[in-house]
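# Analysis of the macromolecular model
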Amino acid sequence: MEILERFFLKRYIKYPKRNLFRFSFIAMVLGIILSVGILSAGLHLFQGYESTLKKLLLESFAHVGISSSDGSLMSNEETENACKTLTEHNEVLSCVPVLQFALMAQNKDKVRAASLKCYKTEETAPYHPYIVSGRPKIASGEVIVGHYLLAELGLALGDTINLNYPRLDNITPLGIPSTQYDYIIAGVFRSGYYENDRNLVISTVEDARTLMMIPEGFSRIEILLKDADEAPVLARSFIEELGYEYMAMPWNIYAESLLRLVTIEKWLIFIVFSFLVLIAGINVISTVSTTIIDRQSEIAVLKTLGAASHTIRRLFAIRVGLVAIISVLIGQIFGILLSWLVEKQTFYRLKGDVYFIDTLGANITIPNILIVFLVASLLIFICIMIPLKQIERLQVIEIIRKKYA
Amino acid sequence: MILKASHLSKTYIDSDQRIEVLKDASLEVNAGELICITGKSGCGKSTMLHIMGLLDTPDSGDLIICDKSIQSNSPQASSIRNQELGFVFQFHYLIDDLSATENVALPLLISGINESSAKLRAKELLVLLGLEQRLNRYPNQLSGGEQQRVSLARALANKPKLVLADEPTGNLDPLHSNEVWEMIRKLNHDLNQAFVIVTHDIEASRKATNSYELTDGRLIQLKA
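Calculation rules
Residues numbered from 1 in each chain as written. Chains lettered and ligands numbered in written order. Predicted model: local features only at pLDDT ≥ 70, side-chain atom pairs only at ≥ 80, totals over all residues. Heavy atoms only, no water. Helix = DSSP H or I, 4+ residues; strand = E, 2+ residues; numbered from the N terminus. Rg over C-alpha atoms; globule rule 2.2 N^0.38 Å. Buried < 20%, exposed > 50% of the residue type's maximum accessible area, 1.4 Å probe, protein only. Contact = heavy atoms within 4.5 Å. Areas by Shrake-Rupley, 256 points an atom, 1.4 Å probe, with all protein chains shown as cover. Buried area = accessible area lost by both parts, 1.4 Å probe. Salt bridge = Lys/Arg side-chain N within 4 Å of Asp/Glu carboxyl O. Polar contact = N/O pair within 3.5 Å; in protein donor to acceptor, adjacent residues only side chain to side chain. Nonpolar A, V, L, I, M, F, W, Y, C, P; charged D, E, K, R; others polar. pLDDT = per-residue confidence, 0-100. Domains from an automatic or database assignment. Axes fitted to C-alpha atoms, helices over the stretch in contact; angles between N-to-C directions. Parallel < 35°, antiparallel > 145°, perpendicular 65-115°, else oblique. Expected span 1.5 Å × (residues − 1). Arc of directions from axis to C-beta. Patch = residues over 30% accessible without salt bridge, like charges linked within 9 Å, V, L, I, M, F, W, Y side chains within 5 Å. Core = buried A, V, L, I, M, F, W, Y, C linked by side-chain atoms within 4.5 Å. Pairing = 2+ DSSP bridges.

## Comments concerning the overall build of chain A
Scanning chain A from N- to C-terminus turns up 14 helices and 10 strands. For a compact globule of 405 residues, the expected C-alpha radius of gyration is about 22 Å, and chain A comes in at 32 Å, more than 25% above that figure. Considered along the principal axes of its C-alpha atoms, chain A spans approximately 105 × 50 × 40 Å. By the burial criterion, 49% of the 405 residues in chain A qualify as buried. Excluding contacts between residues fewer than 6 apart, the proportion of contacts in chain A whose partners are at least 24 apart in sequence is 78%. Per element, the accessible surface of chain A, about 19500 Å² overall, is 63% carbon and sulfur.

Here's what the structure looks like:
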């Protein structure tokens, strides 16, 4: 940077009111603040959506699920032996056999498809933190029901729910026989993951077996890992250890494509919102062009005094660039505020059946702040530099003559 | 010899009309000279000065500044304008956002002199021109005469060999006009500073060491 540029930069920073806060900059500044704010809020909210969804998926599903290769139930002995082997791994946080099957939940004439799930050891069951009313521990004859399922069936805590298990493995000439029992709703959970909150009914293992009419056994073993990202590798090693009569399903098999889709969507939204910054950039082009016309005399005098065109161009770039950078930073603060407001608002909730979760949360990360800053600054810098080419073409003599005329 | 303009010609095309403002105009400027060029409005005085200041290009003719043949589009033109020439215009052309001292320091900063030395030299010049009370004032806080004196100080900042002034008092009332003329004569006398001044003030031009009149595109020497 030349001495002249340093001198002006120092002046702009020392006396911002005199040099930077110009009326002609207002439209440009507002445009940048709004566009960067929206871009920034969009990214923070989508990041929030992505991380909330990932967190809920990882909390709602086992990191690795182990079941029989032929789809049959695993015996009590099998699950005990497998869990004993698996818990020897340092990477394994918990290992619990579960029984899960599809059934119908009913309240008078209201019927909904649901999924009954029970855990051998309740202490490690993942629904515990999400109990919103009632209690997490249940006795025989009691169930815990998802918040949305409860609402759809028009039930409340303490009411009775009828669970109907159609025995598809035993179809008779008279139709599909079913077993059904009434249970008392002892707890309600709300995990935020819509599919679970809309489908899941938790019961004791004994009640589930009675309903299924089976003496013993579990559908699969659910394993939680210390690091969920290790699931694909560990799943392979577990099967090598347990034998190929079992199969392992790491969480990413059923959830990764969804998360990848959300990530793609996040960056698509980012690109679309970046066009807003580009539109604000048109304002920047217009402001810089106006400033050049307004400051023709200044340009003429600097050229007369021997300043090179590129130096004058840089002086203007520094001046407008400083205003633009300040605007981008204010825009980012505005974006954070906007995402905070969206997070706190109560009048709009996401449709859980479409978006999997029903609450909108923002996740503000340093890399995203830097990405917004860099992309917005780059777009605006290009928009500043385009009209500055005019300075090269300005003829001192024409400006002086115009002033005399 | 500081500057030698030989056989300069310049023609403008205005609509269908061809206006020949300079025809074979020649001028030589030596150290310590105070040259005035007079003439009617629109006769080409300013054009002559702009060509000599490397702000405009003649259609034909040669220009030698400090023994170097040069044109306004030469790569060295901006450095010669910065180092060897000083400019004063009818309008002061001071930068509104800079104080008097900072405006005067501009040519020094452009030439690469550090800010503190540039400001020191600017203050010395402003004191020399009687503006010691106006060092930190902005152009809009100065009178017309003061603005033009700041502009004169700026023209002298890099100790140029020649100051080119285009109607320096054209915008001033008689009192301030006289003040500026006195200052120019003082600088010419005390510092041996060479000036070429374009003016329509025939009375003032009589005090110059050399004076010329531009008539029909030709420079006619009135006083040697």
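## A few points about the overall build of chain B
Helices and strands together make up the secondary structure of chain B, namely 7 helices and 10 strands. Here the C-alpha atoms of chain B give a radius of gyration of 17 Å, agreeing with the 17 Å that 2.2 N^0.38 yields for 224 residues. For chain B, the spread of C-alpha atoms along the principal axes amounts to about 50 × 40 × 35 Å. Out of the 224 residues in chain B, the part that is buried amounts to 58%. If you take every contact in chain B between residues at least 6 apart in sequence, the share linking residues at least 24 apart comes to 67%.

## Quick notes on unusual backbone geometry
One non-glycine residue, Tyr93(B), lies in the positive phi region at around 55°. Examined against the element boundaries, Tyr93(B) turns out to sit in the loop between strand E6 (85-88) and helix H3 (100-110).

## Details of the interface of chain B and chain A
One widely used convention gives an interface's size as the accessible area the parts lose upon coming together. At the junction of the two partners, chain B supplies 31 residues and chain A supplies 27 residues. Taken over both partners, the interface formed by chain B and chain A buries close to 2700 Å², and the fraction arising from carbon and sulfur atoms is 64%. Per-residue buried area on chain B facing chain A is highest for Tyr93(B), Asp97(B) and Ile110(B); these three make up 26% of the total on that side. Summed over the shared surface of chain B and chain A, the number is 4 salt bridges. In this structure, Arg295(A) engages Asp97(B) in a salt bridge whose closest nitrogen and oxygen atoms are separated by 3.0 Å. Linking chain B to chain A there are 9 residue pairs in polar contact (both at pLDDT 80 or more). Those elements that place two or more of their residues in the side of chain B that touches chain A are helix H1 (45-52), helix H2 (77-83), H3 and helix H4 (115-128) of chain B. The greatest single-element share of the side of chain B that touches chain A, amounting to 5 residues, is contributed by H3(B). For the side of chain B that touches chain A, the per-class residue count stands at 14 nonpolar, 8 polar and 9 charged.

## Here's the deal with the confidence of the model for chain A
Taken as a whole, chain A shows an average pLDDT of 88; of its residues, 97% reach a score of 70 or greater. Per-element averaging of pLDDT across chain A places helix H12 (residues 352-355) of chain A at the bottom with 68 and strand E5 (residues 142-146) of chain A at the top with 94.

## Describing the domain arrangement of chain A
Residue and element names in this part refer to chain A. Taken domain by domain, chain A holds domain 1 (3-57 + 257-404) and domain 2 (62-250). Relative to domain 2, the C-alpha centre of domain 1 lies at a distance of 51 Å. Listed per partner, the contact involves 10 residues of domain 1 and 9 residues of domain 2. When the two sides are added together, the surface that domain 1 and domain 2 hide from each other amounts to roughly 760 Å², 52% of it contributed by carbon and sulfur. Considering only the surface of domain 1 that becomes buried against domain 2, Leu56, Phe356 and Asp358 emerge as the three largest contributors, covering 57% of it. On the surface where domain 1 and domain 2 come into contact, there are 1 salt bridge. A salt bridge links Asp229 to Lys54; the shortest N-O distance between them is 3.8 Å.

## Regarding the packing of helix H3 (residues 26-60) of chain A against helix H9 (residues 251-294) of chain A
Geometry of a packed helix pair, given as the angle between the helix axes and the separation of the axes. Residue and element names in this part refer to chain A. It is the contact of H3 with H9, at a shortest axis distance of 8 Å, that shows an interaxial angle of 175°. Taken together, H3 and H9 sit at an angle that is classed as roughly antiparallel. Split into classes, the residues belonging to the contact of H3 with H9 amount to 25 nonpolar, 8 polar and 4 charged.

## A closer look at helix H1 (residues 3-14) of chain A
Residue and element names in this part refer to chain A. Spanning 12 residues, H1 covers 16 Å between terminal C-alpha atoms, matching the ideal 16 Å at 1.5 Å per step. Among all positions in H1, only Leu4, Glu5, Phe7, Phe8, Arg11 and Tyr12 are buried. Looking straight down H1, one finds its buried side chains confined to an arc of 160°; they lie on one side. Away from its buried face by more than 90 degrees, H1 exposes Lys10, Ile13 and Lys14.

## Comments concerning the pattern of salt bridges
This structure, assessed with the given rule, holds 24 salt bridges over all chains. For Glu392(A), the salt bridge goes to Arg313(A), with nearest N and O atoms at 2.4 Å. Highlighted residues: Glu392(A) in helix H13 (residues 366-393) and Arg313(A) in helix H11 (residues 309-344), separated in sequence by 79 residues. Between Lys161(B) and Glu84(B) there is a salt bridge, with its nearest N and O atoms 3.1 Å apart.

## A few points about the environment of Ala228(A)
Residue and element names in this part refer to chain A. Mapped onto the elements of the fold, Ala228 is located in the loop between strand E9 (220-225) and helix H8 (231-242). Ala228 gets classed as buried once you look at its relative accessible area, which sits at 9%. Linking Ala228 and Glu91, residues 137 residues apart in sequence, is a C-alpha distance of 9.5 Å. In this structure, Ala228 is in contact with Leu58, His63 and Trp251, ignoring residues within four places of it in sequence.

## Some thoughts on a nonpolar patch on the surface
On the surface, Ile264(A), Leu268(A), Ile271(A), Phe275(A) and Leu278(A) cluster together to form a nonpolar patch covering roughly 470 Å² of accessible area. Note that Leu268(A) resides in helix H9.

## Things to note about the confidence of the model for chain B
All names here are of chain B. Residues of chain B with pLDDT of at least 70 account for 99%, and the chain-wide mean is 88. Between the elements of chain B, mean pLDDT differs from a low of 76, seen in helix H7 (residues 202-205), to a high of 94, seen in H3. Reported for the predicted complex are a pTM of 0.76 and an ipTM of 0.88.

## Structural notes on the nonpolar core
Core analysis: the largest hydrophobic core is formed by 119 residues, its most contacted members being Ile37(B), Met48(B) and Met52(B). Of all the elements, H11(A) adds the most residues to this core, at 10 residues. When neighbours within four sequence positions are excluded, Met52(B) is seen to be in contact with Leu3(B), Leu27(B), Ile37(B), Leu63(B), Ile65(B), Leu85(B), Leu164(B) and Val196(B). Residues Leu58(A), Cys95(A), Ala235(A) and Phe238(A) belong to the second largest nonpolar core, which totals 47 residues.

## Quick word on the sheet that holds strand E5 (residues 68-69) of chain B
Sheet strands pair via backbone hydrogen bonds, and the direction of the pair is either parallel or antiparallel. Residues and elements named next belong to chain B. Taken together, the 4 strands give an open sheet; going across it, the order is E2-E1-E4-E5, and neighbouring strands pair in antiparallel fashion. Since the sheet does not close on itself, it has two edges, and those belong to strand E2 (17-29) and E5, each with one partner. Here 2 bridges tie strand E4 (residues 60-65) to E5, and the two strands are oriented antiparallel to one another. Counted as the bridge partner of Ile65 is Lys68 from E5.

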